[in-house]
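Next come the chains, spelled out residue by residue.
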Amino acid sequence: MNRQWWKILCVILLVYTVVLGLLGPVPALRQLQETIRNLYFHVCMWFGMMILFTISVIQSIKYLRSLDLNHDIRAKEYASTGILLGLLGYVTGAIWASYTWADPNNPAYASFGSIVREPKLIGAAMALLIYFAYFVLRSSITDIDKKARVSAVYNIFAYAMLFPSIWIIPRLLPSLHPGREGNPALNFNDIDARMRMVFYPAVIGWTLLGVWITSLKIRLSLLKEKKWLNA
Amino acid sequence: MRNKSSYILLISMALLSAFNGFAQEAQAAEMADTMRSNGKIYVVIAVILTILAGLILYLVRLDRKISKLEKGES
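Residues numbered from 1 in each chain as written. Chains lettered and ligands numbered in written order. Predicted model: local features only at pLDDT ≥ 70, side-chain atom pairs only at ≥ 80, totals over all residues. Heavy atoms only, no water.

J.: Explain the environment of Val198(A) here, please?
T.: Residue and element names in this part refer to chain A. Following the sequence through the fold, Val-198 ends up in helix α7 (residues 193-230). On the basis of relative accessible area, Val-198 is assigned to the buried category, the value being 2%. As for Val-198 and Leu-223, which are separated by 25 residues in sequence, their C-alpha atoms are 38 Å apart. Leave out the neighbours within four places in its chain, and Val-198 touches Tyr-16, Thr-17, Leu-20, Gly-21 and Tyr-40. (Helix = DSSP H or I, 4+ residues; strand = E, 2+ residues; numbered from the N terminus. Buried < 20%, exposed > 50% of the residue type's maximum accessible area, 1.4 Å probe, protein only. Contact = heavy atoms within 4.5 Å.)

J.: I keep staring at the packing of helix α1 (residues 5-23) of chain A against α7(A) and nothing clicks. Help me out?
T.: Two quantities define a packed helix pair, namely the angle between the helix axes and the distance between the axes. All names here are of chain A. Two elements in contact, α1 and α7, have axes whose closest approach is 8 Å; the angle formed by their N-to-C orientations is 140°. Put simply, α1 runs oblique to α7. Relative to α7, α1 is oriented so that their crossing is left-handed. For the contact of α1 with α7, the residue count by class is 18 nonpolar, four polar and two charged. (Axes fitted to C-alpha atoms, helices over the stretch in contact; angles between N-to-C directions. Parallel < 35°, antiparallel > 145°, perpendicular 65-115°, else oblique. Left-handed = near helix turned anticlockwise from the far one by under 90°. Nonpolar A, V, L, I, M, F, W, Y, C, P; charged D, E, K, R; others polar.)

J.: Where do I start with the interface of chain A and chain B in this structure?
T.: Often the size quoted for an interface is simply the accessible area lost on bringing the parts together. Each side of the interface is counted separately: chain A has 22 residues, and chain B has 24 residues. Between chain A and chain B, a total of about 2,100 Å² is buried, with carbon and sulfur atoms accounting for 77% of that surface. For chain A, the biggest contributors to the area lost against chain B are Leu216(A), Arg219(A) and Leu223(A); these three give 25% of the whole. On inspection of chain A and its partner chain B, the count reaches three salt bridges. A salt bridge links Lys7(A) to Asp63(B), with the shortest nitrogen-to-oxygen separation between them at 2.5 Å. Taken together, the links from chain A to chain B amount to five residue pairs in polar contact (both at pLDDT 80 or more). With ten residues, the single largest contributor to the side of chain A that touches chain B is α1(A). Tallied by class, the residues present in the side of chain A that touches chain B amount to 15 nonpolar, two polar and five charged. (Buried area = accessible area lost by both parts, 1.4 Å probe. Salt bridge = Lys/Arg side-chain N within 4 Å of Asp/Glu carboxyl O. Polar contact = N/O pair within 3.5 Å; in protein donor to acceptor, adjacent residues only side chain to side chain.)

J.: Before we go on, may I ask you to explain the pattern of salt bridges in this structure?
T.: When the charged atoms of two side chains lie near each other, side chains of opposite charge can form a pair. Across all of its chains, the model carries six salt bridges over all chains by this definition. Among the salt bridges present, the one from Arg138(A) reaches Asp72(A), with a minimum N-O distance of 2.9 Å. Taken together, the positions of Arg138(A) in helix α5 (residues 119-140) and Asp72(A) in helix α3 (residues 69-100) put the pair 66 residues apart, joining distant regions of the chain. For the salt bridge of Glu77(A) with Lys217(A), the shortest nitrogen-to-oxygen distance reads 3.7 Å. Within this pair, whereas Glu77(A) is found in helix α3, its partner Lys217(A) is found in helix α7, the two being separated by 140 residues in sequence. Bridged by salt links that share partners, the residues Lys7(A), Arg219(A), Asp63(B) and Glu70(B) form one connected network.

J.: Looking at this model, I keep getting lost on the packing of aromatic side chains. Mind explaining?
T.: Within a pair of aromatic rings, the relevant descriptors are the distance that separates the centres and the angle that separates the planes. Residue and element names in this part refer to chain A. Considering all chains together, one arrives at nine aromatic pairs over all chains under this definition. Centroid distance Tyr-40 to Phe-41: 6.5 Å. Interplanar angle 75°. Geometry classified as edge-to-face. Across the pair, exposure class does not vary: Tyr-40 and Phe-41 are buried alike. A ring pair is formed by Tyr-154 and Phe-157, whose centres lie 5.6 Å apart and whose planes are at 50°; its orientation type is tilted. (Phe/Tyr/Trp six-rings, centres within 6.5 Å; stacked < 30°, edge-to-face > 60°.)

Rendered as C-alpha cells:
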C-alpha cells in the first residue's frame, strides 16, 4: 500500500472544494449573498489551525513523558503551521467582514471602529499572539533540553488559553460574528445540507494540506538536527 | 516513484484546462461557451485551480528533494 495516499486524497479534496465550493448551490441570504462560499475557505483555516494546535499539544505532552527530542521538533512544526493557517484565517476574515459587516451609511473609519471592537477578532488576535510568544520563548533559550522542556510546558498553557480566547469570551459578548449561540458550521440544524457536502471534505482537505507542509518541515529539521549532531 | 500518481493527476488537470482554452478559440463567435457563462465563474475556478496546482507541485518537489536528502544521509 502506498504510504503517500493521503497526499493524493488531499489534492482530490481541495480540487473538489474549489470546484464545488464555487459552483455548488448555496442558500440565498440577504446579507452574505455569494460570500457564504467563504465558509469553505475562511472557516476551514480556523478548523485546520485548531486541529494542528491539538496535534502540537499532544506532541508536547509526549515529549514531557518521554523527553524524546523528536516529539519536541514535531510540536514546534505543528504549532508553526497552525499559526500560518490562523494568520490566513484572520486575514481572510478581515476581507470578508469588511464587505459584509461594514455599514455603507457610515464613513469608512466608523465601520472600521466597530469591526476592530469585535470580541471574536480580539480573541483570535490574542490566541495568535500567545502562540507567537511560544516561538519567542523557544528562540530565547539556547540549551536544547531546557528549551524543549520549557516550551513544551508553555505550549500546553498556550493551548489552554485558546479555549477562553476564541471559544468562550467571544460568546459572552455581543458580536457581529456568527456562531454565538453554538458551534457554527458544526451544528446540523443551522448549516445547509448542500453546504455540508462540501464543508466537511473541505476541512479535511485543508487540514491534510497543513499536515503535509508540516511533515516536510519536520523531516527538514530532523535532517538539520542530524547534521548538527554529526558535525 | 512514490509521487508519480499525484504528478499525473496534476499534469492531466493542467492539460484539461489548456484544451478548454483551445476549444474557446475554435468557436470564437459563440460567446456563451463554458468559460464565458455564469458570470465567468469558470474563469475564477481555472485561476484558483492553477494556483492550487502550482502550490501542490511545489510541495511535491520539496517532498522529493527532502526524500533524496534523507537517502543521502543514512
